[in-house]
Amino acid sequence: QVQLVESGGGLVQAGGSLRLSCAAPGGIFRSSVMSWYRQVPGNQRELVATITRTSSTNYVDSVKGRFTISRDNAKNTLYLQMNSLKPEDTGVYYCNANYFGYVYWGQGTQVTVSS
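Since we're looking at a predicted model, the values are computed, not measured. (Residues numbered from 1 in each chain as written. Predicted model: local features only at pLDDT ≥ 70, side-chain atom pairs only at ≥ 80, totals over all residues. Heavy atoms only, no water.)

1. Remarks on the overall build of the chain
Okay, so step 1: When helices and strands are counted, the chain shows 1 helix and 11 strands.
Okay, so step 2: Going residue by residue from the N terminus, the α and β elements of the chain occur as β-β-β-α-β-β-β-β-β-β-β-β.
Okay, so step 3: On C-alpha atoms alone, the chain measures out to a radius of gyration of 13 Å, which is about the 13 Å that the 2.2 N^0.38 rule sets for 115 residues.
Okay, so step 4: Along the first, second and third principal axes, the C-alpha atoms of the chain reach 40 × 25 × 20 Å. (Helix = DSSP H or I, 4+ residues; strand = E, 2+ residues; numbered from the N terminus. Rg over C-alpha atoms; globule rule 2.2 N^0.38 Å.)

In structure tokens, the structure reads:
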């Protein structure tokens with residue numbers, strides 16, 4: 001019923017850029033707090049960035065100044081612009097929606113940063 005779909009992952013060299021997208025159902029998107037998480041095999045998922053319904057943002061310290069989370073409510077789409085990528089940014093990136101306590105996840109998209 002509620003499906004989040006990520007896209008935009010791929011292989012990029014250190015120092016390069018990548019933009020991730022997440023398409024969400026229009027019925028929940030505008031009222032949801034949206035986030036990006038990432039996960040390396042064997043580790044817990046890490047919260048990378050969050051954007052509220054009023055477009056205030058928060059980032060994990062390791063990506064501040066390099067990543068930008070944004071949302072386009074007209075297109076029901078969440079974005080993560082990633083610049084100055086580092087090998088330690090490698091992982092599976094997941095889109096997350098929190099709709100008044102109901103939590104939804106995307107399938108994940110692989111990001112690999114080579115040196």
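2. What to know about the side chain of Ser-32
Okay, so step 1: With respect to the secondary-structure elements, Ser-32 resides in the loop between α1 (26-29) and β4 (33-39).
Okay, so step 2: Classification of Ser-32 by relative accessible area gives buried; the value is 0%.
Okay, so step 3: Separated by 2.7 Å, the side chain of Ser-32 and the backbone oxygen of Ile-28 make a polar contact.
Okay, so step 4: Apart from residues lying up to four places away in sequence, Ser-32 is in contact with Arg-53, Arg-71, Ala-97, Asn-98 and Tyr-99. (Buried < 20%, exposed > 50% of the residue type's maximum accessible area, 1.4 Å probe, protein only. Polar contact = N/O pair within 3.5 Å; in protein donor to acceptor, adjacent residues only side chain to side chain. Contact = heavy atoms within 4.5 Å.)

3. Re the sheet that holds strand β3 (residues 18-23)
Backbone hydrogen bonds hold the strands of a sheet together, and the pairing may be parallel or antiparallel.
Okay, so step 1: Strand order in the open sheet formed by 4 strands is β1-β3-β8-β7, with antiparallel pairing between adjacent strands. Looking at which strands have only one partner, the edges of the open sheet turn out to be β1 (5-7) and β7 (67-72). In this sheet, adjacent strand axes meet at a mean angle of 15 degrees when their direction is disregarded. (Pairing = 2+ DSSP bridges. Axes fitted to C-alpha atoms, helices over the stretch in contact; angles between N-to-C directions.)

4. Overview of the nonpolar core
A general tendency of soluble globular proteins is for nonpolar side chains to be buried together.
Okay, so step 1: Within the largest apolar cluster, 25 residues are counted, with the highest numbers of intra-cluster contacts made by Met-34, Trp-36, Phe-67, Leu-78, Leu-80, Met-82 and Tyr-93.
Okay, so step 2: Within the residue set of this core, elements represented by two or more residues are β3, α1, β4, β5 (46-51), β7, β8 (77-82), β9 (91-99) and β11 (109-114). (Core = buried A, V, L, I, M, F, W, Y, C linked by side-chain atoms within 4.5 Å.)

5. Details of the state of the cysteines
Okay, so step 1: Counted under the stated rule, the structure contains 1 disulfide.
Okay, so step 2: Between the sulfur atoms of Cys-22 and its disulfide mate Cys-95 the distance is 2.0 Å. Taking the sign of the S-S torsion, about -75 degrees here, the bridge from Cys-22 to Cys-95 comes out left-handed. Residue Cys-22 is found in strand β3, and its partner Cys-95 is found in strand β9; the two are separated by 73 residues along the sequence. (Disulfide = S-S within 2.5 Å.)

6. So, the packing of aromatic side chains
Okay, so step 1: A complete count under the given rule lists 3 aromatic pairs for this structure.
Okay, so step 2: Seen in terms of ring centroids, Tyr-94 and Trp-105 are 6.4 Å apart; in terms of plane orientation they differ by 90 degrees. Their pairing is edge-to-face. With Tyr-94 in strand β9 and Trp-105 in strand β10 (residues 102-105), this residue pair connects regions lying 11 residues apart in the sequence.
Okay, so step 3: For Tyr-94, a relative accessible area of 11% translates into the label buried.
Okay, so step 4: Judged by its relative accessible area of 36%, Trp-105 falls in the partly exposed class. (Phe/Tyr/Trp six-rings, centres within 6.5 Å; stacked < 30°, edge-to-face > 60°.)

7. A closer look at unusual backbone geometry
Okay, so step 1: A positive phi angle, close to 70 degrees, is found at Ser-55, a residue other than glycine.
Okay, so step 2: Positionally, Ser-55 belongs in the loop between β5 and β6 (57-59).
Okay, so step 3: The partly exposed category is assigned to Ser-55, whose relative accessible area is 43%.
Okay, so step 4: Even without glycine at this site, Asn-76 takes up a positive phi of about 50 degrees.
Okay, so step 5: Tracing the chain through its elements places Asn-76 in the loop between β7 and β8.

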